[in-house]
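Next come the chains, spelled out residue by residue.
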Protein chains: 2
Amino acid sequence: MEQVDLLLTNALVLTMDKELHQYEPGAVTVTGDSIVAVGPESEIRATYSAVQVMDCGGKVLMPGMVNAHTHVPMTLLRGLADDLRLDVWLMGYVMPVEREFVSPDFVRLGTRLACAELIRSGVTCFADMYYFEEDVAKATAEAGLRAVCSQTVLKFSSPDADSYEDSLAAARDFIQRWKGHALIEPSVAPHAPYTCTPEILRATAQLAAEFDVPLHTHLAETSLEVENMRKENGMPVVPYVRKHGLFDAKVLAAHCVHVDEGEMRTLLHAGAGVAHNPSSNLKLASGIAPVTKMIEFGLNVGIGTDGPASNNDLDMFEEVRLAAFVAKVSTGDPTTVPATTALTMATRLGASALHLGHLTGSLEAGKRADLILVNLTPAHNAPRFRRDAHNAYAQVVYASKASDVSDVMVNGQWLMRNRQLLTLNEAELLAQAQEYAHRIDTFLIEREQSVLSKLVALGGSIEEESFEVQIKVKLADPAPVQEALRRPEVKIVYQRHYHQHDNYFYFSDPSQGRLRYREDEFIGPKGEVANSRARLTLIGTAREGGFKHNVLLSRSRYLAPATNSLRFYREYFKPTSVVPLDKVRLRWLVNFQDTDFYVNLDHFENPNLGDYLEIKSSTWSRSDAERKAKLATELITFLGGSLRKTITRDYVEIAGKKKGIR
Amino acid sequence: MEQVDLLLTNALVLTMDKELHQYEPGAVTVTGDSIVAVGPESEIRATYSAVQVMDCGGKVLMPGMVNAHTHVPMTLLRGLADDLRLDVWLMGYVMPVEREFVSPDFVRLGTRLACAELIRSGVTCFADMYYFEEDVAKATAEAGLRAVCSQTVLKFSSPDADSYEDSLAAARDFIQRWKGHALIEPSVAPHAPYTCTPEILRATAQLAAEFDVPLHTHLAETSLEVENMRKENGMPVVPYVRKHGLFDAKVLAAHCVHVDEGEMRTLLHAGAGVAHNPSSNLKLASGIAPVTKMIEFGLNVGIGTDGPASNNDLDMFEEVRLAAFVAKVSTGDPTTVPATTALTMATRLGASALHLGHLTGSLEAGKRADLILVNLTPAHNAPRFRRDAHNAYAQVVYASKASDVSDVMVNGQWLMRNRQLLTLNEAELLAQAQEYAHRIDTFLIEREQSVLSKLVALGGSIEEESFEVQIKVKLADPAPVQEALRRPEVKIVYQRHYHQHDNYFYFSDPSQGRLRYREDEFIGPKGEVANSRARLTLIGTAREGGFKHNVLLSRSRYLAPATNSLRFYREYFKPTSVVPLDKVRLRWLVNFQDTDFYVNLDHFENPNLGDYLEIKSSTWSRSDAERKAKLATELITFLGGSLRKTITRDYVEIAGKKKGIR
């Protein structure tokens with residue numbers, strides 16, 4: 001009789017090995033961190049004597065689930081903001097909060113909270129990607145879970161690095177220190193093709209190859225990503241990253257929602273693993289990954305939850321069920337991705353996708369003892385049929401819940417017994433997490449109190465407030481203005497021609513001001529659109545003052561480049577109404593009596609407001625403003641404008657009045 | 001101070017009323033079966049004094065979920081067979097088992113088991129459709145749940161009725177007896193347009209209208225249903241049922257996966273409710289219902305689990321999350337069906353879809369006290385944000401689990417406290433359910449032991465075994481046979497011309513015999529396909545005997561009309577190989593020496609086997625067989641066949657040999 005540490009008996013053993021061996025009653029023996037034997041109970045009992053024998057009470061004994069792609073510290077952002085489009089969610093909420101709060105402390109707490117949830121739901125191994133990844137690794141190892149921990153590298157500054165060189169160096173240090181750890185496989189994560197430069201893709205792949213650790217990335221998550229990639233680089237996502245050397249490393253590619261068969265072949269030949277994230281892809285409306293095809297091709301497709309801020313949980317029982325469901329509906333074939341395939345994806349294939357197939361993912365002699373017990377007897381899973389060899393898999397996939405997991409072992413160590421966590425103090429974690437949530441709430445609530453602070457929260461270079469002297473008249477005919485500009489009293493510094501497309505956002509509280517989204521199209525000498533630019537301007541309500549003849553000292557303004565779409569800002573700022581305004585503007589910078597002025601000749605077509613002449617000049621003091629106000633009056637008269645026709649209302653007020661808005 | 005029976009305090013009250021009022025801390029008062037008041041705790045405490053006060057510990061207090069479409073007794077068939085196409089699942093497994101096992105006892109037990117699961121997952125009301133529905137009603141009322149119980153009526157015989165008239169009469173009796181019950185709304189369920197005649201649609205609608213009870217049905221579940229409807233009746237499903245008077249009743253229509261905008265308008269004007277069943281529609285690959293559009297139209301769209309044999313559970317937390325998910329992915333819009341909408345569908349809209357909106361579905365004064373407590377503090381739902389008024393809804397929809405429901409009250413009565421069921425003995429139910437499963441397993445395992453018993457299990461008229469005398473020769477040229485048939489020694493009774501498309505199923509155990517799926521195309525006088533017919537023939541392995549000159553007494557055979565597709569039989573019988581065989585057959589029934597014979601002149605094109613002449617005659621005794629064997633030999637010689645070229649192998653054996661199969 002061979003001596004072992006532990007003998008698990010009286011179980012329905014689902015090995016999840018290649019032949020899907022199952023034993024009932026089955027038994028498993030464990031010594032140290034590893035599985036010694038798996039088989040029918042009678043055989044195992046006849047061969048092994050154990051220091052400790054544990055009766056599994058007829059439960060399912062199977063390998064723990066492998067969560068193939070997640071961002072565990074984001075448990076602290078769970079439910080922060082939902083039902084938003086990806087960009088609004090990410091740039092409007094998640095990134096501003098991450099910039100403010102993400103720290104080693106945040107990351108360790110988030111990881112511990114995630115580990116509690118992961119253990120409770122039967123996960124024994126996961127692949128993570130976040131910032132301060134070494135802290136993720138520390139917290140994970142303390143909780144006793146197995147993980148691929150991938151340090152994010154991207155072309156922007158991030159909560160843990162000012163530049164990509166910094167995060168790449170941090171990744172190298174981390175990998176050097178942790179390589180060979182019993183539980184943690186250190187790794188590097190170039191975030192995605194569209195957030196990395198070719199240089200980053202190549203450098204991270206070389207780093208991963210140098211240390212023979214996995215490289216973790218996001219590939220082809222949305223159709224927009226693929227569309228942009230084709231537009232900008234003339235090829236789909238997978239060939240692009242191959243071109244830049246990514247497959248020099250052993251890759252774990254998350255999502256792969258929009259990949260074609262050629263790309264699947266490339267992934268296969270590169271030995272890459274794929275992480276399928278059904279909840280996240282559904283919730284963010286990214287699409288449904290072609291899993292049936294990928295499995296047919298022989299790819300190692302695992303299943304992941306993605307981050308708990310876009311899921312909103314880490315429940316692999318839900319994911320494995322969804323993996324089966326979405327494959328069926330997207331192919332129209334209810335027989336595709338049956339329970340056996342889905343559960344294999346969540347265990348053995350997932351481990352292989354993480355390049356840890358030699359260590360975990362199935363119950364086989366020599367592999368690490370990463371295993372769970374699942375109770376199939378609750379009311380929601382009764383009764384049990386045995387006719388078909390696949391009945392038990394269907395029970396686990398289609399009716400089991402995370403809460404049916406009673407016991408979890410990783411690397412030979414129990415992390416949960418009878419639903420009691422053994423390595424984490426859950427009550428303490430919950431209290432600390434709630435404190436963070438309170439601080440984040442306070443930060444966001446404060447920010448959301450004004451349009452200005454929401455604008456500032458987006459980041460980017462908000463310019464200083466600007467003040468202008470301005471005067472405006474309605475014209476019956478713009479031709480005389482252009483003639484007058486040719487006279488020697490006016491020196492023209494330069495001339496511009498634009499189409500300006502404005503959208504004014506109004507808010508229920510008028511004191512918030514108006515937010516203008518302007519797209520300038522610069523018209524070139526041949527009438528072509530030579531260039532374009534989008535800007536946001538927050539226009540305060542209060543006019544600073546006025547002068548004779550309706551010369552105004554303009555409102556306070558905040559300017560910011562508009563890097564996102566009009567739709568983004570509409571969903572982010574949630575205006576009560578939006579007024580569009582399109583005009584053709586001829587603009588001159590002129591020097592008149594030794595003073596610079598902008599002369600704008602504006603023609604409105606939509607709505608049809610006619611022609612206007614506007615004179616503007618920047619100013620910085622009351623006396624300067626008074627002097628310029630007087631000169632502006634002279635200039636407008638010189639250009640043929642009638643001082644009796646000057647107006648103070650903004651164009652959008654004229655347009656709004658015409659449309660009956662405000 | 002007004003006196004009430006019960007005051008629930010210290011809750012996050014989500015009323016799910018039209019304005020989505022929420023109160024925190026909120027309170028609810030109950031007297032008898034009804035809600036007296038809902039509001040901020042301070043206001044409620046100032047107005048009411050209660051016999052009993054219960055502190056909800058900060059949990060969510062909300063209306064119970066409404067499961068808008070299910071078949072509760074089918075809990076006893078959960079996991080019976082999965083990952084199959086609808087027809088194989090239904091006709092191959094579910095219906096044979098139902099024919100054998102469904103009884104009042106089965107239905108009561110299944111309902112009680114379902115009620116345990118429903119209560120545990122926070123459901124307070126459901127809409128059921130099954131057989132012996134009065135027994136469903138009894139068991140439900142005993143468990144204390146609210147339900148619309150709909151007696152199925154369909155054009156076939158069913159486990160509880162030999163004819164539709166019987167089930168219609170049963171429905172009438174049931175409705176008469178139960179109308180006005182505090183918990184049960186009796187109802188009638190014409191199963192679906194394709195399983196009912198126009199007469200049934202009209203009769204059930206009139207019955208429902210007469211008693212002003214809901215009518216529950218399945219509409220437009222699959223694209224095949226819609227396709228067939230258009231082909232057979234020239235219109236989509238909704239106009240068809242309207243034409244046959246279905247909307248004279250207040251309708252609850254399950255599925256509506258494949259309805260267009262015109263049909264949505266019809267449903268709206270008819271005041272019909274819709275039950276959306278995301279899990280079932282995904283798992284059976286039926287498609288994704290256009291919920292965003294239906295909600296925009298103002299339809300009352302509830303959410304249902306469908307039966308637990310096609311889901312495989314009754315978990316409304318999973319369904320509500322999926323309702324949000326699938327709407328997003330199918331529209332490409334992550335903002336559609338946000339958490340508030342999904343949860344409204346699962347509560348207030350669901351109650352309205354069941355035509356019980358006046359009684360339940362929201363926490364409002366005067367409605368019945370149907371409410372649940374949900375704990376938002378488990379690790380998988382922490383932390384909690386409060387910035388957005390919708391944060392709590394997102395927590396319930398995107399991260400809560402059925403197991404987070406701690407307490408359930410229906411009609412003012414507690415059914416669960418601290419996860420302890422108060423009206424059902426769960427252990428007893430589980431044991432009884434397992435007994436049924438064991439009996440069903442035995443039945444199916446026995447059946448699956450032979451191809452014959454699987455064939456018999458499909459039902460339909462299996463014909464008796466048949467015996468034939470037969471002789472067959474290969475021909476170099478078939479023309480002389482046709483000439484010989486014109487001679488007076490042979491009297492031709494009739495002549496037929498077919499194309500015969502055969503598929504032979506082989507099984508790993510040769511003693512099972514071969515199953516032939518034959519499609520006969522009858523060719524008319526102008527060469528057109530005049531008619532077609534499909535038949536299954538199970539051909540035994542043993543030849544019964546032989547005579548001189550290779551005359552055979554044929555194998556035992558079982559015949560059945562093939563009402564399902566070739567694909568169905570392939571998936572149901574799972575042959576190890578399938579051999580196709582196509583031939584053109586000219587067949588004559590002739591009288592030769594006062595005895596009837598079939599003369600077959602067969603020409604094989606695929607595979608190219610050439611021409612054969614076959615003589616057959618039915619027989620019933622050894623002496624009759626001997627006489628016919630002798631006559632057949634004479635006839636084949638008369639027709640020009642050479643007795644030296646007779647063969648005993650079946651065509652498929654010749655073809656299989658040619659192809660190297662077997």
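What counts and how
- Residues numbered from 1 in each chain as written.
- Chains lettered and ligands numbered in written order.
- Predicted model: local features only at pLDDT ≥ 70, side-chain atom pairs only at ≥ 80, totals over all residues.
- Heavy atoms only, no water.
- Helix = DSSP H or I, 4+ residues; strand = E, 2+ residues; numbered from the N terminus.
- Buried < 20%, exposed > 50% of the residue type's maximum accessible area, 1.4 Å probe, protein only.
- Contact = heavy atoms within 4.5 Å.
- Areas by Shrake-Rupley, 256 points an atom, 1.4 Å probe, with all protein chains shown as cover.
- Lys, Arg positive; Asp, Glu negative; His and termini not counted.
- Charge placed at Lys NZ, Arg CZ, Asp CG, Glu CD.
- Patch = residues over 30% accessible without salt bridge, like charges linked within 9 Å, V, L, I, M, F, W, Y side chains within 5 Å.
- Salt bridge = Lys/Arg side-chain N within 4 Å of Asp/Glu carboxyl O.
- pLDDT = per-residue confidence, 0-100.
- Least-squares fit on C-alpha atoms with pLDDT ≥ 70 in both.
- Buried area = accessible area lost by both parts, 1.4 Å probe.
- Polar contact = N/O pair within 3.5 Å; in protein donor to acceptor, adjacent residues only side chain to side chain.
- Nonpolar A, V, L, I, M, F, W, Y, C, P; charged D, E, K, R; others polar.
- Phe/Tyr/Trp six-rings, centres within 6.5 Å; stacked < 30°, edge-to-face > 60°.
- Axes fitted to C-alpha atoms, helices over the stretch in contact; angles between N-to-C directions.
- Parallel < 35°, antiparallel > 145°, perpendicular 65-115°, else oblique.
- Left-handed = near helix turned anticlockwise from the far one by under 90°.
- Pairing = 2+ DSSP bridges.

### Re the overall build of chain A
Link 1 in the chain: Scanning chain A from terminus to terminus reveals 20 helices and 27 strands.
Link 2 in the chain: Residues counted as buried form 62% of the 662 residues belonging to chain A.
Link 3 in the chain: Considering only residue pairs separated by 6 or more positions, chain A has 72% of its internal contacts joining residues 24 or more positions apart.
Link 4 in the chain: If you sum the accessible surface of chain A, you get close to 24,100 Å²; carbon and sulfur atoms cover 49% of it.
Link 5 in the chain: Charged side chains of chain A number 72 positive and 83 negative; the gap between the two group centres comes to 8 Å.

### Topic: a nonpolar patch on the surface
Residue and element names in this part refer to chain B.
Link 1 in the chain: On the surface, a nonpolar cluster with roughly 190 Å² of combined accessible area is contributed by Leu86, Leu90 and Met95.
Link 2 in the chain: Mapping methionine 95 onto the fold places it in helix α2 (residues 86-101).
Link 3 in the chain: By relative accessible area, which is 31% here, methionine 95 ends up partly exposed.

### Some thoughts on the confidence of the model for chain A
In regions of low pLDDT, the predicted coordinates are not meant to be interpreted in detail.
Link 1 in the chain: Of all residues in chain A, 97% attain a pLDDT of 70 or more, and the chain-wide mean is 93.
Link 2 in the chain: The ipTM, which scores confidence in the relative placement of chains, is 0.85 for this predicted complex, and the corresponding pTM is 0.86.

### Comments concerning the relation of the copies chain A and chain B
Note: a rotation about an axis with an accompanying shift along it relates these two copies of the chain.
Link 1 in the chain: Take chain A, turn it by 180°, move it 0.1 Å along the axis, and it overlays chain B with an RMSD of 0.2 Å. On the angle and the small slide along the axis, the relation comes out as a two-fold axis. Looking at the rotation axis and the C-alpha trace of chain A, the residue lying nearest is serine 403 of chain A, at 3.6 Å.
Link 2 in the chain: In this assembly, 100% of the residues forming the interface of chain A have copies in chain B that are likewise at the interface, indicating an isologous arrangement.

### Observations concerning the interface of chain A and chain B
Link 1 in the chain: Facing 69 residues of chain A, the contacting portion of chain B comprises 69 residues.
Link 2 in the chain: Between chain A and chain B lies a buried interface of about 5,400 Å² when both sides are counted; carbon and sulfur atoms form 59% of it.
Link 3 in the chain: It is Asp83, Phe385 and Arg387 of chain A in chain A that bury the most area against chain B; as a group they hold 16% of the surface buried on that side.
Link 4 in the chain: Across the contact surface, chain A and chain B share 10 salt bridges.
Link 5 in the chain: For the salt bridge of lysine 401 of chain B with aspartate 315 of chain A, the shortest nitrogen-to-oxygen distance reads 2.5 Å.
Link 6 in the chain: The interface formed by chain A and chain B includes 30 residue pairs in polar contact (both at pLDDT 80 or more).
Link 7 in the chain: Secondary-structure elements contributing two or more residues to the side of chain A that touches chain B are α3 (104-120), α10 (278-283), α12 (316-331), α14 (391-399) and α15 (426-448) of chain A.
Link 8 in the chain: Among the residues making up the side of chain A that touches chain B, the classes are represented as 34 nonpolar, 15 polar and 20 charged.

### A word on the pattern of salt bridges
Link 1 in the chain: Under the counting rule described, the total for this entry stands at 83 salt bridges over all chains.
Link 2 in the chain: Across the salt bridge formed by glutamate 634 of chain A and lysine 630 of chain A, the nearest N and O atoms sit 3.4 Å from each other. In this pair, glutamate 634 of chain A and lysine 630 of chain A are both assigned in helix α19 (residues 622-638), 4 residues apart and thus about one turn of the helix distant.
Link 3 in the chain: A relative accessible area of 31% means that glutamate 634 of chain A is categorised as partly exposed.
Link 4 in the chain: Residue classification places lysine 630 of chain A among the exposed positions, given a relative accessible area of 59%.
Link 5 in the chain: Two residues, arginine 447 of chain B and glutamate 448 of chain B, come together in a salt bridge whose shortest N-O distance is 2.9 Å.
Link 6 in the chain: When salt bridges that share partners are traced, they join Arg85, Asp87, Arg567 and Glu571 of chain A together with Asp333 of chain B into one network.

### A few points about the packing of aromatic side chains
All names here are of chain A.
Link 1 in the chain: All chains considered together, the criterion is met by 32 aromatic pairs over all chains.
Link 2 in the chain: Taken together, a centroid distance of 5.7 Å and an interplanar angle of 15° make the contact between phenylalanine 568 and tyrosine 572 stacked. In this pair, phenylalanine 568 and tyrosine 572 both sit in helix α18 (residues 566-573), 4 residues apart, roughly one turn of the helix. Tyrosine 572 matches phenylalanine 568 in its accessibility class, with the two residues each being buried.
Link 3 in the chain: Ring pairing ties together the aromatic residues Tyr93, Tyr517, Phe568, Tyr569, Tyr572 and Phe573, which thus form one cluster.

### What about the packing of helix α13 (residues 339-353) of chain A against α14 of chain A?
Between two packed helices, the angle of one axis relative to the other and the distance separating the axes together describe the packing.
Residues and elements named next belong to chain A.
Link 1 in the chain: At a minimum axis distance of 8 Å, the contact between α13 and α14 shows a crossing angle of 70°. Classified by the angle between their axes, α13 and α14 sit roughly perpendicular to one another. Like other packed secondary-structure pairs, α13 and α14 cross with a definite hand, here left-handed. Taken together, the residues of α14 that come into contact with α13 (itself represented by Ala339, Thr340, Ala342 and Leu343) are Tyr393, Ala394, Val396, Val397 and Tyr398.
Link 2 in the chain: Per-class residue counts for the contact of α13 with α14 are 8 nonpolar, 1 polar and no charged.

### What to know about the packing of helix α2 (residues 86-101) of chain A against α15 of chain A
Residue and element names in this part refer to chain A.
Link 1 in the chain: α15 packs onto α2 with a crossing angle of 120° between their chain directions and a minimal axis gap of 11 Å. Considering the angle they form, α2 stands oblique to α15. In this structure, the crossing between α2 and α15 has a hand that is right-handed. Across from Gly92, Tyr93, Pro96, Val97, Glu100 and Phe101 in α2, the residues of α15 making contact are Tyr436, Arg439, Ile440, Phe443, Leu444, Arg447 and Glu448.

### Digging into the side chain of threonine 292 of chain A
All names here are of chain A.
Link 1 in the chain: With respect to the helices, strands and loops of the structure, threonine 292 is situated in helix α11 (residues 291-297).
Link 2 in the chain: One polar contact links threonine 292 to threonine 336, side chain to side chain, over a distance of 2.9 Å.
Link 3 in the chain: Aside from chain neighbours lying at most four places away, what touches threonine 292 is Ala327, Thr331, Thr336 and Val337.

### Observations concerning the environment of tyrosine 494 of chain A
Residue and element names in this part refer to chain A.
Link 1 in the chain: Mapping tyrosine 494 onto the fold places it in strand β19 (residues 490-506).
Link 2 in the chain: Along the primary structure tyrosine 494 and alanine 46 are separated by 448 residues, whereas in three dimensions their C-alpha atoms are 95 Å apart.
Link 3 in the chain: Ignoring any residue separated from it by four or fewer positions in sequence, one finds tyrosine 494 in contact with Arg587, Trp588, Leu589 and Tyr598.

### A word on the pairing of strand β14 (residues 371-374) of chain A
All names here are of chain A.
Link 1 in the chain: Burial along β14 is two-sided: the face carrying Leu371 and Leu373 and the face carrying Ile372 and Val374 are both buried.
Link 2 in the chain: Relative to β14, strand β5 (residues 60-63) is paired through 4 bridges, and the arrangement is antiparallel. Among the inter-strand pairings, methionine 62 is bridged to a residue of β14, identified as isoleucine 372.
Link 3 in the chain: With 4 bridges joining them, β14 and strand β15 (residues 405-410) adopt antiparallel strand pairing.

### A closer look at a negative patch on the surface
Link 1 in the chain: Residues Asp162, Glu165, Asp166 and Glu199 of chain A make up a contiguous surface patch of negative charge.
Link 2 in the chain: The residue aspartate 162 of chain A is located in the loop between β8 (146-153) and α5 (164-178) in this model.

### Considerations on the environment of leucine 475 of chain A
Link 1 in the chain: Here leucine 475 of chain A lies in strand β18 (residues 468-475).
Link 2 in the chain: When residues no more than four places from it in sequence are discounted, the contact partners of leucine 475 of chain A are Val481, Leu601, Asp611, Tyr612 and Leu613 of chain A.

### Quick look at unusual backbone geometry
Residues and elements named next belong to chain A.
Link 1 in the chain: The amide bond that connects asparagine 311 to the next residue, asparagine 312, takes the cis arrangement and shows omega of 10°.
Link 2 in the chain: As for its placement among the helices and strands, asparagine 312 is situated in the loop between β13 (300-303) and α12.
Link 3 in the chain: With omega at -5°, the peptide bond leading from asparagine 606 into proline 607 counts as cis.
Link 4 in the chain: Among the secondary structure elements, proline 607 is positioned in the loop between β26 (595-606) and β27 (610-618).
Link 5 in the chain: One non-glycine residue with positive phi stands out, namely asparagine 10, at about 55°.
Link 6 in the chain: With respect to the secondary-structure elements, asparagine 10 resides in strand β1 (residues 2-14).

### Focus: the side chain of arginine 585 of chain A
Residue and element names in this part refer to chain A.
Link 1 in the chain: Mapped onto the fold, arginine 585 is located in strand β25 (residues 577-592).
Link 2 in the chain: With relative accessibility at 4%, the residue arginine 585 sits in the buried group.
Link 3 in the chain: For arginine 585, the side chain forms a polar contact with the side chain of aspartate 602, separated by 2.7 Å.
Link 4 in the chain: Setting aside chain neighbours within four positions, we find arginine 585 in contact with Arg496, His497, Tyr498, Gln500, Arg518, Asn600, Leu601, Asp602, Glu614 and Tyr651.

### Notes on helix α4 (residues 133-143) of chain B
All names here are of chain B.
Link 1 in the chain: With 8 of 11 residues buried, α4 is to be regarded as a mostly interior element.
Link 2 in the chain: Looking only at α4, the buried set comprises Glu133, Glu134, Asp135, Val136, Ala137, Ala139, Thr140 and Ala143.
Link 3 in the chain: On its buried side, α4 packs onto α3 (104-120), β7 (123-130), β8 (146-153), α5 (164-178), β9 (184-190) and β16 (413-417).
Link 4 in the chain: After α4 finishes, the residue glycine 144 shows a positive phi value of roughly 95°.

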